[in-house]
Amino acid sequence: MATSIQNQTTALIQQTTTLTQSLTKLGQDLKPTPETIQATEAAQGDRLQRTAIEQHKYKWDKLTDGKTVAKFTAGVVTAIAALYCAKLSYEYALKQMGRPQIFDHWSYKHPALKAFDRMCGRTDTFENRFNEFVCPPGLEDRVPEIFLTIKSAQENGTPLPNMAFLGDPGTGKTMLGEILAHQCGLEFAHTTGPRIAALAERKDGSAILEIQKMFKAAKQLAKKGKGILIFIDEANAFLRDRKSDRSNKELSAALEEFLANMTDGANKGIMFIIATNLFDELDPAVKSRFSKVNRLVFKRPEEKQIAQMFSQYLEKEKTSGKTQLTIAPEVKALIMDYAQQFKGEAGREIKACAVDIGGRARQTENKVITDAIILKSIRKTLQSSTDEQEFIAGYGKGY
Ligand SMILES: Nc1ncnc2c1ncn2[C@@H]1O[C@H](COP(=O)(O)OP(=O)(O)OP(=O)(O)O)[C@@H](O)[C@H]1O
Ligand SMILES: [Mg+2]
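The following refers to the structure shown. (Residues numbered from 1 in each chain as written. Chains lettered and ligands numbered in written order. Predicted model: local features only at pLDDT ≥ 70, side-chain atom pairs only at ≥ 80, totals over all residues.)

Here we take up the overall build of the chain. Looking only at helices and strands, one finds 15 helices and eight strands in the chain. Here the chain holds 399 residues, and the buried ones make up 27% of them. In the chain, once contacts between residues fewer than 6 apart in sequence are set aside, the share between residues at least 24 apart is 83%. (Helix = DSSP H or I, 4+ residues; strand = E, 2+ residues; numbered from the N terminus. Buried ≥ 20, exposed ≤ 12 C-beta atoms within 10 Å, placed from the backbone. Contact = placed C-beta atoms within 7 Å.)

To continue, consider the nonpolar core. Phe165, Leu229, Ile230, Ile273 and Ile274 are the most contacted members of the largest nonpolar core, which has 53 residues in total. Every residue in contact with Leu229, bar those within four places of it in the chain, is listed here: Gly177, Leu180, Ala181, Leu186, Phe188, Met271 and Ile273. Among the nonpolar cores identified, the runner-up in size contains 20 residues, and Met309, Leu325, Cys353 and Ile357 belong to it. (Core = buried A, V, L, I, M, F, W, Y, C linked by C-beta atoms within 7 Å.)

This brings us to the sheet that holds strand β1 (residues 105–106). Within the open sheet, the six strands sit side by side as β1-β3-β4-β5-β2-β6. Their pairing is mixed. Edge positions in the sheet fall to β1 and β6 (295–298), since each of these pairs with one other strand and no more. Where β1 and strand β3 (residues 187–192) come together, two bridges link them in antiparallel fashion. Bridge pairing links His105 to His190 in β3. Relative to strand β4 (residues 228–233), helix α8 (residues 206–223) is tilted by about 155°, and along the sheet it contacts β3, β4 and β5 (270–276). (Pairing = 2+ DSSP bridges. Axes fitted to C-alpha atoms, helices over the stretch in contact; angles between N-to-C directions.)

With respect to spatial proximity, 18 residues lie near ligand 1, and among them Pro169, Gly172, Thr174, Met175 and Gly347 are the closest. Mapped onto the shell around ligand 1, the elements with two or more residues apiece are α6 (173–183) and α14 (347–363). Here the residues of the shell around ligand 1 are counted per class, giving eight nonpolar, five polar and five charged. (Near = placed C-beta within 6 Å. Nonpolar A, V, L, I, M, F, W, Y, C, P; charged D, E, K, R; others polar.)

Looking now at the packing of helix α7 (residues 193–201) against α8. Running from N to C, α7 and α8 cross one another at 135°; their axes reach a closest spacing of 7 Å. When the interaxial angle is binned, α7 and α8 end up oblique. Note on element contacts: α8 touches α7 through Ser206, Ala207 and Glu210, opposite Ile196, Leu199 and Ala200. Its residues assigned to classes, the contact of α7 with α8 comprises four nonpolar, one polar and one charged. (Parallel < 35°, antiparallel > 145°, perpendicular 65-115°, else oblique.)

A few words on α7. An α-helical segment advances 3.6 residues per turn. Residues three or four places apart therefore align on the same side. Considered for burial, the residues of α7 that qualify are Gly193, Arg195, Ile196, Ala197, Leu199 and Ala200. Along its buried surface, α7 packs onto β3, α8, β4, α9 (236–239) and α10 (249–261). One or two steps after α7, the chain reaches Lys203, where phi turns positive at roughly 55°.

Structure representation (structure tokens):
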């Protein structure tokens, strides 16, 4: 019995020893060596990378799968269509509630459109140029008087004065019209004689129809308490003497429609200004509706006005572009000299010359308006005037 137990114990010890040895060997086999660590890490990195690629691939597949692409395209198309519809509706609304076709510009906007513009962050871009206007010679007292006449008519509910601005091109007729409207709180509408004459050329009654629409729109505005100033530029193309042009019956009929609507006192809150260089050519019935007290002759500026205009437009050039300019100190003292050279030029030319000077100065390295630049530009302006006169004289002789 004792021998058997001893034998069993020995066998157990041997088995345990063998097992321990096997475990130790297994432990040694399993112990990570630097090579196995490196291999494992590489394998793990590989797997992670593969997972990331698979995820990307999954996302890309999802993104490019037919349904998603279709949904995305439909979304974009709907958004574009919605924007386009909004634009069309806005333009339609503008037409319906806005400008009659006869006007190439009018300042009035329906309150609903104004609100819409405000929502879109659009602001009124009308620039008040009251301080920019230099009174032409001889009108220093007349211009302030017009302001007073308009103000008085507005306060007393009497008809606004109809005025005729006569004179050379580029002397500030349209500019003053816009300023008057702005300063007196009137809406401003602008049309031209040639525009109306072109409507008459169609010979389908549209000129008469547009004149009627113009009065209707103006009367509606006036009824709302908002006055309107209608400016007809180059008026002789429309309002010329009917006897001088009998061929265009449509134009004569449009003129008659205009005259019929211009009966005294019938248009409270509506003011007309006609501008022309050829007042003599106007129809006598038109002339009589723009009485002598309300006719203003715009003469070309004299040295004093030129100097004022030129220095103000040079000053404006300093900040009109992206690049800030400075004016050389000697320029101020020479302004009267420049003005002398400009004698005979209209305000439009003086402004154009200042703009040219600004452009030249912006091309220089130090961005300074110098005497040399000014003289160069003035010479160019004067040379063009001489060339033009020579060309006209030559043309008259049959060149
Ligand atoms: N008296 C002035 N004061 C200031 N700027 C002027 C003056 N006259 C003309 N200008 C400048 O010239 C530009 C053109 O003037 P405007 O269009 O008013 O001339 P106009 O007399 O109506 O000419 P047109 O007979 O060709 O219609 C103005 O926008 C302004 O910059
Ligand atoms: Mg004009």
